[in-house]
Amino acid sequence: MANIEQVKAALAQAAEQSNATKNQIRAAIDGTEQVLVRLRLVAAGTGHPALAEAISRAEQSKQRLIEASTTLQGSSHAARQYVSVLG
């Protein structure tokens, strides 16, 4: 069984990894936004269903990435709270 200091260290490592992962998600959100801009430019003046689907799916992807980032942030917050409980 791990002692309190080992648990704190593991939680700190998890928080660091969480921050790195959130940065990667942020980059993916930015990339998805660029995809959306390009798709919308191409779709301007046309109502083709394939382009509408492409835009819709890209928007869904962006939203899910935002949700993933928010959920991961909540996880980090809960872990930090536990560290404070440990003292």
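The rules we used
Residues numbered from 1 in each chain as written. Predicted model: local features only at pLDDT ≥ 70, side-chain atom pairs only at ≥ 80, totals over all residues. Heavy atoms only, no water. Helix = DSSP H or I, 4+ residues; strand = E, 2+ residues; numbered from the N terminus. Rg over C-alpha atoms; globule rule 2.2 N^0.38 Å. Buried < 20%, exposed > 50% of the residue type's maximum accessible area, 1.4 Å probe, protein only. Contact = heavy atoms within 4.5 Å. Core = buried A, V, L, I, M, F, W, Y, C linked by side-chain atoms within 4.5 Å. Salt bridge = Lys/Arg side-chain N within 4 Å of Asp/Glu carboxyl O.

**Some words on the overall build of the chain**
- Counting its regular elements, the chain contains two helices and zero strands.
- Here the C-alpha atoms of the chain give a radius of gyration of 19 Å, more than 25% beyond the 12 Å that 2.2 N^0.38 yields for 87 residues.
- With the principal axes as the frame, the chain shows a C-alpha extent of 65 × 20 × 15 Å.
- Within the chain, the fraction of its 87 residues that count as buried is 17%.
- Here the contacts in the chain between residues at least 6 apart in sequence split such that 70% fall between residues at least 24 apart.

**A few points about the nonpolar core**
- Core analysis: the largest hydrophobic core is formed by five residues, namely Leu36, Leu39, Ala43, Ile55 and Ala58.
- Contributing elements (two or more residues each) for this core: helix 1 (4-43) and helix 2 (49-86).
- Here this core gets three residues from one element, more than from any other, and that element is helix 1.
- Not counting chain neighbours up to four residues away, the residues in contact with Ala43 comprise Leu51 and Ile55.

**Side note on the pattern of salt bridges**
- All told, the structure shown has five salt bridges when counted by the stated rule.
- Note that Lys8 is salt-bridged to Glu5, the shortest N-O span being 3.9 Å. A residue pair is termed a helical-turn pair when its members lie 3 or 4 positions apart in one helix, as Lys8 and Glu5 do in helix 1 at three residues.
- Across the pair Arg57 and Glu53 runs a salt bridge, and its minimum N-O distance is 2.8 Å.

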